[in-house]
Amino acid sequence: TTLPKERSWIASHYVYNYQGLWLIERHLGGVLACQQQFQAQESDIILVTNPKSGTTWLKSLLFTLINRKKYPIFEQDHPLLVKNSHDLVPFLELNLYVDGQVPDFSSFTSPRLLATHMSFATLPKSIQDSKTKLVYLCRNPKDTFISMWHFINNIKVDHTDSKSIEECFDDFCKGLSPCGPFWDHVLDYWKESIEKPNKVLFLMYEEIKAQPKLHLKRLAEFLECQFSIEEEKCGVVDEILRMCSFDNLSNLEVNRNGKLSSGEENKAYFRKGEVGDWKTYFAKEMSEKLDHIIKQKFQGSQLSFLYI
Ligand code: A3P
């Protein structure tokens with residue numbers, strides 16, 4: 001490929017800059033195939049995140065919320081109890097179209113629940129132009145970076161080329177993170193959510209943590225599947241939140257010892273699930289440097305992050 005490329009801390013791979021988005025080669029193939037072939041349906045619901053922003057959590061919430069009639073949450077054989085949410089809500093470019101594959105959507109029922117890390121600019125045109133709903137989840141950049149650093153070290157087979165946290169951080173600050181630059185990804189969806197509030201719902205990990213009930217109801221309203229008074233009385237909202245909580249999901253047998261169909265261990269997607277863990281790892285200078293970048297990049301956007 002002739003695209004601009006850089007060596008980056010992502011498992012020592014090159015990352016390629018495609019339409020402003022930094023991607024490893026395998027995912028680049030997935031993005032290209034998806035752009036060329038994916039036909040969005042108006043009823044599709046697509047979760048978009050920057051990697052390590054809480055995708056696993058929101059996939060679980062979305063799946064449980066949308067399918068609560070088909071799979072009543074109080075039942076013992078609920079799919080989320082035996083499968084990881086990444087197998088229930090696949091990524092377009094990382095699973096369905098990875099390596100240029102042509103996916104079979106015949107087993108999907110409507111609404112199709114899908115996910116992606118693609119930037120708004122790289123989304124297939126049929127997603128951008130249709131009434132397909134996008135749920136965007138973002139997380140503060142310090143916790144996102146720390147979560148990513150752990151994840152990459154965790155899934156790495158060869159540790160001889162490991163980089164220090166400081167070197168990785170320098171790359172992150174240059175925008176060289178998976179699906180980075182972090183700020184461009186967030187800002188583009190933030191702007192879309194303001195211009196088209198019926199198309200893009202912008203959620204923040206820290207806000208859901210602080211007021212889970214409020215945000216789950218917001219999500220249900222946005223997706224036009226509001227909770228009935230009866231459901232609220234029966235505790236359905238609380239039960240969905242309990243079922244999708246970090247403690248519940250991370251302790252399930254499937255997530256302790258199971259693997260995804262793509263091969264990764266499910267447990268790699270559950271670490272601490274907290275806000276503010278960055279403080280354990282960030283030196284004062286690192287924190288100040290990122291604060292400075294974030295201030296510059298988000299100036300005038302009215303968007304601010306919660307760090308504790
Ligand atoms: P930490 O590494 O900070 O613990 P993603 O799903 O986008 O890969 O993000 C993974 C992050 O979400 C990890 O963060 C993980 O622990 C956290 N996470 C996973 N499941 C969660 C849940 N049910 N509730 C809250 N956080 C969760």
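Above this text sits the structure in question.
The following refers to the structure shown. Keep in mind that what you see is a predicted model, and the values were worked out from it rather than measured.

Enumeration over the complete set of coordinates arrives at zero disulfides. For the unlinked cysteine Cys234, the closest cysteine sulfur is that of Cys225, found at 17 Å. Residue classification places Cys234 among the partly exposed residues on the basis of a relative accessible area of 48%. Unpaired in terms of disulfides, Cys244 finds its nearest cysteine sulfur in Cys225, a separation of 13 Å.

Turning our attention to the sheet that holds strand β1 (residues 5-7). The strands making up a sheet are joined through hydrogen bonds of the backbone, oriented either antiparallel or parallel. An order of β1-β2-β3 is seen for the three strands of this open sheet, with the pairing classed as antiparallel. Strands at the two margins of the open sheet, each flanked by one partner only, are β1 and β3 (21-24). Across this sheet, the average inter-strand angle for adjacent strands is 35°, counted without regard to direction. Two elements, β1 and strand β2 (residues 14-18), share three bridges in a ladder whose sense is antiparallel. From the neighbouring strand, Arg7 faces β2, where its bridge partner is Tyr14.

Of note, Gly20 is situated in the loop between β2 and β3. Linking Gly20 and Pro4, residues 16 residues apart in sequence, is a C-alpha distance of 10.0 Å. If we skip the residues at most four places from it in the chain, Gly20 touches Gly180 and Pro181.

With that out of the way, let us pick up the packing of helix α9 (residues 182-195) against helix α16 (residues 284-298). Contact geometry of α9 with α16 gives a least axis separation of 11 Å together with a crossing angle of 35°. Both α9 and α16 take part in a crossing whose hand is right-handed. Counting all contacts with α9, which are made through Trp183, Val186 and Leu187, the residues of α16 involved are Leu290, Ile293, Ile294, Lys297 and Phe298.

Reading the values: the criteria
Residues numbered from 1 in each chain as written. Predicted model: local features only at pLDDT ≥ 70, side-chain atom pairs only at ≥ 80, totals over all residues. Heavy atoms only, no water. Disulfide = S-S within 2.5 Å. Buried < 20%, exposed > 50% of the residue type's maximum accessible area, 1.4 Å probe, protein only. Pairing = 2+ DSSP bridges. Helix = DSSP H or I, 4+ residues; strand = E, 2+ residues; numbered from the N terminus. Axes fitted to C-alpha atoms, helices over the stretch in contact; angles between N-to-C directions. Contact = heavy atoms within 4.5 Å. Left-handed = near helix turned anticlockwise from the far one by under 90°.

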